Each structure stands twice: as C-alpha cells, then as structure tokens.
Amino acid sequence: MKGLSLNQITTKGWSLPEAVRGCAEAGIPAIGLWRDKVAEVGVATAATLVRDAGLAVSSLCRGGFLTPTDPAGRRAALAENLRALEEAAELGTDTLVMVVGGLPDGDRDLAGARSRVADLVAELASHAGDFGVRMAIEPLHPMFCADRAVVSTLGQALDLAEQFPADQVGVVVDSYHVWWDPQLAAQIARAGAGGRIASYQVCDWMLPLPADALLGRGHVGDGHIDFRAMTDQVTAAGYTGWVEVEIFNEDVWRTPGEQTLRTVIERHLAHVIAP
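Here, residues in each chain are numbered from 1, in the same order as that chain's written sequence. Where local features are concerned, this predicted model is filtered to residues with pLDDT of at least 70; where side-chain atom pairs are given and counted, the filter is 80 or more; whole-chain, interface and lining totals use all residues. Only heavy atoms go into the side-chain values, all of them from the structure, while hydrogens and water stay out.

**Examining the overall build of the protein**
The helix and strand labels rest on DSSP assignments: H or I over at least four residues marks a helix, E over at least two residues marks a strand, and numbering proceeds from the N terminus. Looking only at helices and strands, the protein has 11 helices and 10 strands in total. It is over C-alpha atoms that the radius of gyration is taken, and the globule rule equals 2.2 Å times the number of residues to the power 0.38. Here the C-alpha atoms of the protein give a radius of gyration of 17 Å, agreeing with the 19 Å that 2.2 N^0.38 yields for 275 residues. Principal axes of the C-alpha set define a box for the protein whose edges measure 45 × 45 × 40 Å. Counting across all 275 residues of the protein, residues that qualify as buried make up 54%. Within the protein, residue pairs in contact and separated by at least 24 positions form 81% of the contacts whose partners lie at least 6 positions apart. With the model as given, the accessible surface of the protein reaches about 11200 Å², and the carbon-plus-sulfur share is 52%. Measuring between centres, the 22 positive side-chain charges of the protein sit 1 Å from its 35 negative side-chain charges. Between buried and exposed lies partly exposed: a residue is buried under 20% and exposed over 50% of the maximum accessible area for its type, with that area taken using a 1.4 Å probe on protein chains only. The contact criterion used throughout is that any non-hydrogen atoms of two residues lie within 4.5 Å. Accessible surface is estimated by sampling points in the Shrake-Rupley manner with a 1.4 Å probe; for residues, cover comes only from the protein chains shown. By the counting scheme adopted, Arg and Lys are positive, Glu and Asp are negative, and His together with the chain ends is not counted. Every charge is mapped to an atom, namely NZ of Lys, CZ of Arg, CG of Asp or CD of Glu.

Written out as structure tokens, the structure reads:
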C-alpha cells in the first residue's frame, strides 16, 4: 500500500484549496477529488493547487450515470463522461470512479439498464485509453440499485470490466458497499489476478442507518467491518495503490476538518495498516 488518501467528500464543507491545505498540513500525501469542487476553481487551477502542495491525486469522482433510455440522454451521458476523463487526465490521476446509475424514472427493466451501462462503457473504453485514465466501475450496495447503481457486486463489476483491457476499465473495492458479500474474498482475488483493482476506498458500516442510507458511513473502526481482513485480501491481490477514506456522514461533515483528518489518520494506523 502506498498509504492514505483523503477522499474530498469526507471534508465536504471545505473548498478544494482548504482540503489541499489540510492534507498538506496533516501529512496526508494524496487526495481524491470531486468534480463539483474542482469546478469551483477550474481544472487548471485545481491541478496547480494539488501539484504545488506536493499531493498525489488518487482518483476523480465521478463519472458514470450511464442508464438513460432516450438517445438525447445517452448522448449527454457520453459527452459528460468524456469531459470527466479529460479532467482526470489534466488533474494527474489515472482513475475515474464510475457510479453507473440506477433505473430511470418509471423504468423497471433492470436487465435493460445493465445492458445500456455495458454499451456506454464499450463506447468510452478506448477513449479512456487515449487519455491514460482507467474507468473504475464501483459496485454499490444493493439498496442503491434503483437510484444510483445497477451494478451491485464486485463480481458484476468484474464481469463488465473484463470485457475491456485492464488499463481502460477496472473496479473499485469500497468497503461500505461490498463488505457483506459472501463472495468478496474470491472476487478480490479475481480482480487482483486480472490487474483490475483501480481504487480501494474505506469507511465503516454504521447502525442504525439514517433515513438517507447514503449517509450511513462512519469512521473506520466505528462500525462492523473487519478492515484488517479486507486490507489483507486487497494487498494479497497485488494492489499497491492508495487507501482512500470516503465518508458520507452529517456528523462528520459538521466536525471541523482538522479534527476529522486527525481521526482519519488515527483510524488508518489502528485498523487498516498491518501492525
């Protein structure tokens, strides 16, 4: 493992300059950027800020949302993802996280939605190669299948990714979304054997889930996930990239950013890094 990266959503209240400065001051060597925060300052300025601070960009969030049923929506999704690939390249990361999208309003054709995802990934894959950026398919927990991601397991994500060269399409191992999967160890090994693990993201599964389940993530060590075991599996699979802490949680977002970073570092050392 290279080490710790802060996914920018964890300190949602910080602007990009604040997040970059916070990481540099805390000694966190990498940051995962979000496109909305990058857009506030512009891609060129964002790239300069990160580079001048001596940080690596572990990933860009996010591309995807590939399930529109109409031709106009499909063209818009294609264009938006091409922009995201270009931004990732300019920002200096080789990983664009892809949340593939859920069912369009009124649509119940899950198989059709998955087919449309595969079709658009096929159109985008060669462009990803041209930009030197890998699309990282992120499976989301099945409770998000209707609205955010019709790809729910690491196995499904690999079935999709393996249709394309490994340097064009990989997968994300996100602890929150995959920890429950009884096939997880085997699928992590499969992903590693094919050189498909593009990103490893961590946060904990908290109970009770809030009304908005997306915000049910907590600091590593506060919930139910065995991070040592999962990290051992990811490491054994050959992954040598960043461990990106990505937390969606209202209480964490209300906490001063500097305090959040101290907790992130402490939990990384206590629960993720092998003793």
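Now, onward.
**Topic: empty space enclosed by the protein**
Both cavities and pockets are sets of points on a 1 Å grid over the protein atoms alone; in a cavity a 1.4 Å probe fits but cannot get out, in a pocket the set is open with protein on both sides within 12 Å along at least five of seven lines, and lining residues sit with an atom within 4 Å of a point. Grid points are joined across faces, edges and corners, and a volume is the space filled by probe spheres set on the points. Tallied over the full model, the rule gives one cavity of 30 Å³ or more. In this structure, the largest cavity encloses a volume near 40 Å³. Lining the largest cavity, in full, are Val-202, His-219, Val-220, Val-245, Ile-247, Val-264, Arg-267, His-268 and Val-272. Three classes are used: nonpolar for Ala, Val, Leu, Ile, Met, Phe, Trp, Tyr, Cys and Pro, charged for Asp, Glu, Lys and Arg, and polar for all others, with Gly counted as polar. Looking at side-chain class alone, the lining of the largest cavity contains six nonpolar, two polar and one charged residues.

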